[in-house]
Amino acid sequence: SQVDGKILEIIKEAADNIRSFHEKQLRPSWMTTEENGTVLGQKITPLDSVGLYVPGGTAAYPSSVLMNVIPAKVAGVK
């Protein structure tokens, strides 16, 4: 089965928009040491894998795939 070129173009644009939005949410790990020697910080580590649910049946929901897969990939899920 073929996807109409215009629909494919819209899906690619949506993917770019979703990726751009979620890239802005990325935060680096950080660490600091207080004067009294206390070490404070936050380590950001992506999960190795995640499970996603995409509704099936008679309708197609490409937006469900995009909105689940792209943020995970941006976060570093393999």
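Keep in mind that what you see is a predicted model, and the values were worked out from it rather than measured.

### Topic: the pairing of strand S2 (residues 39-42)
So, point 1. By the bridge criterion, four bridges tie strand S1 (residues 30-33) to S2 in an arrangement that is antiparallel. Across the sheet, residue Met31 finds its bridge partner in S2, namely Gly41.
So, point 2. Between S1 and S2, which pair antiparallel in sequence order, lie five residues; one of them, Gly37, sits at a positive phi of approximately 95°.

### Looking at a nonpolar patch on the surface
So, point 1. On the surface, Leu47, Val50, Leu52, Val54, Val65 and Val69 cluster together to form a nonpolar patch covering roughly 440 Å² of accessible area.
So, point 2. Within the fold, Leu47 resides in the loop between S2 and helix H2 (62-75).
So, point 3. Its relative accessible area of 55% is what places Leu47 among the exposed residues.

### Focus: the nonpolar core
Side chains that are nonpolar tend, in soluble globular proteins, to be buried together.
So, point 1. Of all hydrophobic cores here, the largest spans five residues; its members are Ala15, Ile18, Leu66, Ile70 and Val74.
So, point 2. Among the elements of the structure, helix H1 (5-23) and H2 are those that each provide at least two residues to this core.
So, point 3. In terms of residue count, the dominant contributor to this core is H2 (three residues).
So, point 4. In this structure Ile18 touches Leu66, Met67, Ile70 and Pro71, once residues within four positions along its chain are discounted.

### Here we look at H2
So, point 1. A rise of 1.5 Å per residue sets the reference length of H2, with its 14 residues, at 20 Å; its end C-alpha atoms lie 20 Å apart and thus fit the reference within 8%.
So, point 2. Within H2, the full set of buried residues consists of Ser64, Leu66, Ile70, Pro71, Ala72 and Val74.
So, point 3. Looking at the buried side of H2, the elements it contacts are H1.
So, point 4. Positioned one or two residues after H2, Gly76 has a phi angle of 105°, which is positive.

### Things to note about the packing of H1 against H2
So, point 1. Contact geometry for H1 and H2: axes closest at 9 Å, N-to-C directions at 35°. Viewed along their axes, H1 and H2 form a crossing whose handedness is right-handed. Between H1 and H2, the residues in contact are Ile11, Ala14, Ala15, Ile18, Arg19, His22 and Glu23 and Pro62, Leu66, Met67, Ile70, Pro71 and Val74, respectively.
So, point 2. Among the residues forming the contact of H1 with H2, the class breakdown is ten nonpolar, one polar and two charged.

What counts, and where the lines are drawn
- Residues numbered from 1 in each chain as written.
- Predicted model: local features only at pLDDT ≥ 70, side-chain atom pairs only at ≥ 80, totals over all residues.
- Heavy atoms only, no water.
- Pairing = 2+ DSSP bridges.
- Helix = DSSP H or I, 4+ residues; strand = E, 2+ residues; numbered from the N terminus.
- Patch = residues over 30% accessible without salt bridge, like charges linked within 9 Å, V, L, I, M, F, W, Y side chains within 5 Å.
- Areas by Shrake-Rupley, 256 points an atom, 1.4 Å probe, with all protein chains shown as cover.
- Salt bridge = Lys/Arg side-chain N within 4 Å of Asp/Glu carboxyl O.
- Buried < 20%, exposed > 50% of the residue type's maximum accessible area, 1.4 Å probe, protein only.
- Core = buried A, V, L, I, M, F, W, Y, C linked by side-chain atoms within 4.5 Å.
- Contact = heavy atoms within 4.5 Å.
- Expected span 1.5 Å × (residues − 1).
- Axes fitted to C-alpha atoms, helices over the stretch in contact; angles between N-to-C directions.
- Left-handed = near helix turned anticlockwise from the far one by under 90°.
- Nonpolar A, V, L, I, M, F, W, Y, C, P; charged D, E, K, R; others polar.

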